[in-house]
Structure formats: structure tokens, C-alpha cells
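Chain by chain, the residues run as shown.
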Amino acid sequence: MRPSQNRTLTFKSLFRGALALGLGYAFGAFLASVLSDPARAQEAEKPAEGGITLENCRIRGLSVPARCGTFSVFEDREAASGRQIDLRVVVIPAQASRPEPDPVFVLAGGPGQAASELAAAVGNRLDKIRERRDIVLVDQRGTGESNGLQCSFAEDEDIERALSTDLMERELVTECRDSFADTDLTKYTTSIAMDDLDDVRAALGYETINVYGGSYGTRAGLVYLRRHEEHVRTALLDGVAPPGMNLPLPMGRDAQRALELLFEDCAASTECSERFGDLESTWGELVNRLESGPIDAEVLHPRTGERLQIPISAEVFGSTIRGALYSPDLSSLIPLTVERAAAGDFQTLITLAQPLSSAPMYFGMFLSVVCAEDVPRIDRTEIDEAASASILGRASVRTITNACTVWPQADVPETYYEPVQSAKPVLVLSGRLDPVTPPAWGDSILDGLSESTHLVAPGAGHGVAFRTCMADVTTAFIESGTAEGLDSSCVETLERPPFFLTAAGTSP
């Protein structure tokens, strides 16, 4: 393996699962119904007001036709001149012959996911909403086919890179930056992108929209709500990452909280506590051992079966466990993973190292957002404290802040961080087990939102809106346009899955 290869995917692996915030927001299976209105198909061939020509198209993995087009915006919106960006727009039409006039605009996570690349997965989860409303996905500038800012170091999925002990080096970030010589990387922040989104709304002829944002998409949704409140009917914010979050600073702290909840839940479970004993003590002893130096692990490649020798450091182990905490299903393997790793067997850890989402991350866009909106508000003392507090976020904190020393940074006004004020209906969702956007972040935005309701799912991780019965709750909220009288009792039925007691499953 070339030295440069051994460094590269570490950066990508740090954000596996959702931040980055929203990496895990690939929502599931594909659409199962078919488009049945020929009039809508004919209408799709006509240019929409404002210059978007929508044509029938097929999205990979999507079982129904969509309507696709592009909308051009200036890279420098303030100057309104110079280079232009073609934004990719995908509309999944409502099934009704006379759909409601206010569609759902889906804001992807990351930052760095392309909404259109989640179209098939999102469409299935929104099938009840799509009965009466269009679903609109716009690739945010810097993602997907909207001048996607992808870095070459993020393109390989090699397992050895995902578990590399080397952190992202500035030279690789510099190479990525320099590959976009014709791009003004300071013009890809959230506020600019949300003004793009409103232009797309107007061009498509929608007066008001329902905003759904997951993870980083909640930040985008809040920014859109502040800048274009008059065009918002409702907002659904799932896993809140507000503008003042200061990523990546809280990543280790919030993940450590989720891990401690796992220890508590294991101790409270007769089966788990009898099987694994004092899991928290086992974890502590393992971390102390890893802190003294990497352990050379012999493992089998999960896909090829090839035998590999991989050094496992505290940072790599922590980042992998943190990624698994996003999903309660994956985190049910953590007790077994910790026990086996403490015995020198890291094979289960390799299972957890696989990406949670098949959708790519556009890391150039990620850096343009985080290096402008978050990192400048963090000082070196806070970085060192966060890195020493928990191995779960250490690599992310150091890697991202180091990368931002060479990435161009836009100037962001202090008003950007002020609480969003709105009287629009807002449904806020949080998972109690979420390692990156726990309920406290949802609570932090409520004071300014006079018509907001916050639901916390006891057994959910990162992403609540479309888990089992919650799809009915979110659909009812959008249909009624208010959380008043909303039957949210099903949120209490979302429980943590049982822990794996052996590699075969949850039975002893």
C-alpha cells in the first residue's frame, strides 16, 4: 500500500454515519408505488416559470418516474455576475391528480450529502406524504451535480484506509483545495445555499413549502426559516444541529454521553449484564491499553476474506465505535465488540467499520461550511480539552480543525448564530441515544419557535422521523399543518433493540 493511500480514507471514516452529521440519512428501501397521472407526465415537459425545464427521468433505485431539471445561480450571488452553477432539481410527483400546493422540500445531511442521491431511499419513507404532495430534492451547491466539491481522498472505500491509524494530513486537504482553482470556495455556505433553494421554490411555482431537514439539514432548515419565513408552511427538524453548534467540538462529548447510556442500559438488562459483566470497566481497561500504543490486529476482510494486519489505535477504535452509535441496531453489537477487543479480537470491530450510508460525501462542501461557520469560533484550548476528554471524538476534532487551517473561509456575520425566531409550526424530533445531535440540541432552539413541539424517542439514535410508526406522526403533522392535537404516543414505543450476546444474535 502506498503511504498516501494509507492516509486518505481516515478522514472519510471519521464522518461515517451522519455528520458527519447526516451521513446516515439514507432512509431505507425504495418506492413501491407507480406514477399514475398522465397529465402530470405531460406537464413535466413544460418549462416551469423562472427557467426550470423539468423532464421525465429515471433515478437509479427509484421505481417511479421523477421529473428532473437544472436551475442556474451565480456562484457569487451578491455580485450577481460571473461564474454560474447549475443546481440539480428532482421532483417526485404526488400521486393525487390534484395535489396539495405545498410540497415537501428535503434538505440533506452532512454537510456534504446530495439530496438527489438519496431520492430512492427518501421516496420510500415519504410515500404516505407523497400521496398528496410533491417531494422536491435539490442538490445543495457543492454537492452531487450542483458543482459537487469532491476530494480525491474520499473516493476509496478500502477497509485498511477506513481503519488507518494515520490522520488526515494538511497536504491532502491542500491538494483538494487546489483542484478547485476555478471555484470560489467561500461561496458555499448555508445561508447562500438557502437563498438558492428559495429561488428554486419560486421557479417551480410553489408559494409555500414544508421543510424537512435531517441532521445538518436541520441547520439548513433553520436558516431557510429565518431568511424566507413567509414561504414556510411547516418545518420538520429531525436531529437538530443548530448554527451555533461549533462542530466538531461537541462530537466527542455527545458521543461519550451516548456510550454511557449504552453502559447504563446494558447494566439494566439482565441478559446483557450477566453476559458482559461490568462493561464500562472493560471499556476503560481497553482504552487505557490502546492509549499506550496501537495494537496490531489480524482480521479477515469482511468482503474478500483476505487476511489483514491492521494497527488499531485509540483514535481509530473510538471513531469506529462512535460511528456505530448512530444506529441503535449497530450499537447493539458494541458490548460484544468491546469484550472481544479486550481479548485481542478485533474482527467484530471490522464489521462496525463499514459505512452506514452508500451516498457519497462531498468533503469540499463539508469543509466550506464547517470551516466558515463552526471552526472559527473554537479556540485551541477548547480543541485540546475536547481531544483529551474522550477518544470518541478526538480524531474528528483534530482532523477537521487542522484541515480548516488550509481551507478558504467565508466571513459569517454574528447574526447567523442568533436563535431563529418564528411562529411557524415546527416539529422537532430527537433520539435519546443520538451520539451527535442529542435532545439537548433540540431543546436549544425551542425558545425562539413559539409554535414548536419537541418529541424525544427513548430508543432512537440519529434519525427519528420515519422509524416505524413515526411515519404516521410526521405525516399527520404535515397534513394538518400543526402539532396541536398531534397523537405522538407512538414515540414512546421506540425502544433500544436487544444487545447481541453472541455473534449469532441476541439469544445466549
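Residues numbered from 1 in each chain as written. Predicted model: local features only at pLDDT ≥ 70, side-chain atom pairs only at ≥ 80, totals over all residues. Heavy atoms only, no water.

## Overview of the pairing of strand β8 (residues 209-214)
Stage number 1. The buried fraction of β8 is high, at 6 of 6 residues.
Stage number 2. Residues of β8 alternate between two faces, with Ile-209, Val-211 and Gly-213 on one and Asn-210, Tyr-212 and Gly-214 on the opposite face, all of them buried.
Stage number 3. Both β8 and strand β9 (residues 232-238) contribute to a ladder of 6 bridges, which runs parallel. Bridging from a neighbouring strand, Val-211 pairs with Ala-235 of β9. (Buried < 20%, exposed > 50% of the residue type's maximum accessible area, 1.4 Å probe, protein only. Helix = DSSP H or I, 4+ residues; strand = E, 2+ residues; numbered from the N terminus. Pairing = 2+ DSSP bridges.)

## Observations regarding the packing of aromatic side chains
Stage number 1. This structure, assessed with the given rule, holds 7 aromatic pairs.
Stage number 2. Geometrically, the ring pair formed by Tyr-212 and Phe-466 is edge-to-face, given 5.4 Å between the ring centres and 70° between the ring planes. With Tyr-212 in strand β8 and Phe-466 in the loop between β13 (452-457) and α20 (470-480), this pair connects stretches of sequence that are 254 residues apart.
Stage number 3. Judged by centre distance (6.4 Å) and plane angle (85°), the rings of Phe-317 and Phe-346 are edge-to-face. Taken as a pair, Phe-317 in helix α12 (residues 314-325) and Phe-346 in the loop between α14 (334-342) and α15 (347-352) lie far apart in primary sequence, 29 residues in all.
Stage number 4. Classification of Phe-317 by relative accessible area gives buried; the value is 0%.
Stage number 5. Grouping aromatic residues by their ring pairs yields a cluster made of Phe-263, Trp-283, Phe-317 and Phe-346.
Stage number 6. For Arg-141, the ring lying beneath its charged end belongs to Tyr-188, and the centroid distance is 5.7 Å.
Stage number 7. Across from the ring centre of Tyr-417, 3.7 Å away, lies the NZ or CZ of Arg-377, which sits over that ring. (Phe/Tyr/Trp six-rings, centres within 6.5 Å; stacked < 30°, edge-to-face > 60°. Lys NZ or Arg CZ within 6 Å of the ring centre and 35° of its normal.)

## Comments concerning the sheet that holds strand β6 (residues 104-107)
Think of a sheet as strands paired side by side through backbone hydrogen bonds, with each pair either parallel or antiparallel.
Stage number 1. Taken in spatial order, the 9 strands make up an open sheet running β3-β4-β5-β7-β6-β8-β9-β12-β13, and their pairing is mixed. What marks the edges here is a single partner per strand, and that holds for β3 (55-57) and β13. On average, adjacent strands in this sheet sit at an angle of 25° to one another, irrespective of strand direction.
Stage number 2. Note: β9 against strand β12 (residues 426-431), 4 bridges, orientation parallel. (Axes fitted to C-alpha atoms, helices over the stretch in contact; angles between N-to-C directions.)

## What to know about the packing of helix α11 (residues 279-291) against helix α18 (residues 391-403)
Stage number 1. It is at 12 Å that the axes of α11 and α18 come closest, and there the two elements cross at 40°. Here α11 is positioned oblique relative to α18, judged by the angle of their axes. For the pair formed by α11 and α18, the contact residues are Trp-283, Val-287 and Glu-291 on the first element and Ile-391, Leu-392 and Arg-394 on the second.
Stage number 2. Each residue belonging to the contact of α11 with α18 can be placed in one class, and the counts come to 4 nonpolar, no polar and 2 charged. (Parallel < 35°, antiparallel > 145°, perpendicular 65-115°, else oblique. Contact = heavy atoms within 4.5 Å. Nonpolar A, V, L, I, M, F, W, Y, C, P; charged D, E, K, R; others polar.)

## Notes on the nonpolar core
Stage number 1. Ile-52, Val-89, Phe-105, Val-138, Met-194, Val-200 and Leu-204 are the most contacted members of the largest nonpolar core, which totals 64 residues.
Stage number 2. Counting residues per element, this core draws most heavily on helix α7 (residues 190-204), which supplies 6 residues.
Stage number 3. Once residues within four sequence positions are removed from consideration, Phe-105 is found in contact with Val-136, Val-138, Leu-197, Arg-201, Leu-204, Tyr-206, Ile-209, Asn-210, Val-211 and Tyr-212.
Stage number 4. Counting 40 residues, the second-largest nonpolar core is a separate cluster that includes Ala-120, Leu-126, Leu-455 and Phe-477. (Core = buried A, V, L, I, M, F, W, Y, C linked by side-chain atoms within 4.5 Å.)

## Quick notes on helix α17 (residues 380-389)
Stage number 1. If you check which residues of α17 are buried, you get Ile-383, Ala-386 and Ala-387. Buried residues of α17 fall within an arc of 100° about the axis and therefore sit on the same side. The exposed residues of α17 that point more than 90 degrees off its buried face are Ser-388 and Ala-389.
Stage number 2. Buried positions along α17 lie against α18. (Arc of directions from axis to C-beta.)

## Looking at the side chain of Ser-146
Stage number 1. Tracing the backbone shows Ser-146 in the loop between β7 (135-138) and α5 (159-162).
Stage number 2. For Ser-146, a relative accessible area of 0% corresponds to the buried category.
Stage number 3. A distance of 2.9 Å separates a polar side-chain atom of Ser-146 from the backbone nitrogen of Arg-88.
Stage number 4. Those residues in contact with Ser-146, other than ones at most four positions away along the chain, are Ile-85, Asp-86, Leu-87, Arg-88, Asp-139, Gln-140 and Arg-141. (Polar contact = N/O pair within 3.5 Å; in protein donor to acceptor, adjacent residues only side chain to side chain.)

## Structural notes on the packing of α12 against α18
Stage number 1. Between α12 and α18, whose axes approach to 6 Å, the crossing angle comes to 105°. By the angle between their directions, the pair α12 and α18 is classed as roughly perpendicular. When α12 is examined against α18, the residues Ala-314, Glu-315, Phe-317, Gly-318, Ser-319, Ile-321, Arg-322 and Leu-325 are found in contact with a partner set consisting of Ile-391, Leu-392, Arg-394, Ala-395 and Ser-396.
Stage number 2. Broken down by class, the residue content of the contact of α12 with α18 amounts to 7 nonpolar, 3 polar and 3 charged.

## As for the pairing of strand β11 (residues 307-312)
Stage number 1. Going residue by residue along β11, you find Leu-308, Ile-310 and Ile-312 tucked away on one face and Arg-307, Gln-309 and Pro-311 left uncovered on the opposite face.
Stage number 2. Sheet topology places strand β10 (residues 295-300) next to β11; 6 bridges connect them, and they run antiparallel. When the bridges of β11 are listed, Val-299 appears paired with Leu-308.
Stage number 3. Where β10 hands over to β11, the hairpin turn is made up of 6 residues, of which Gly-305 adopts a positive phi near 80°.

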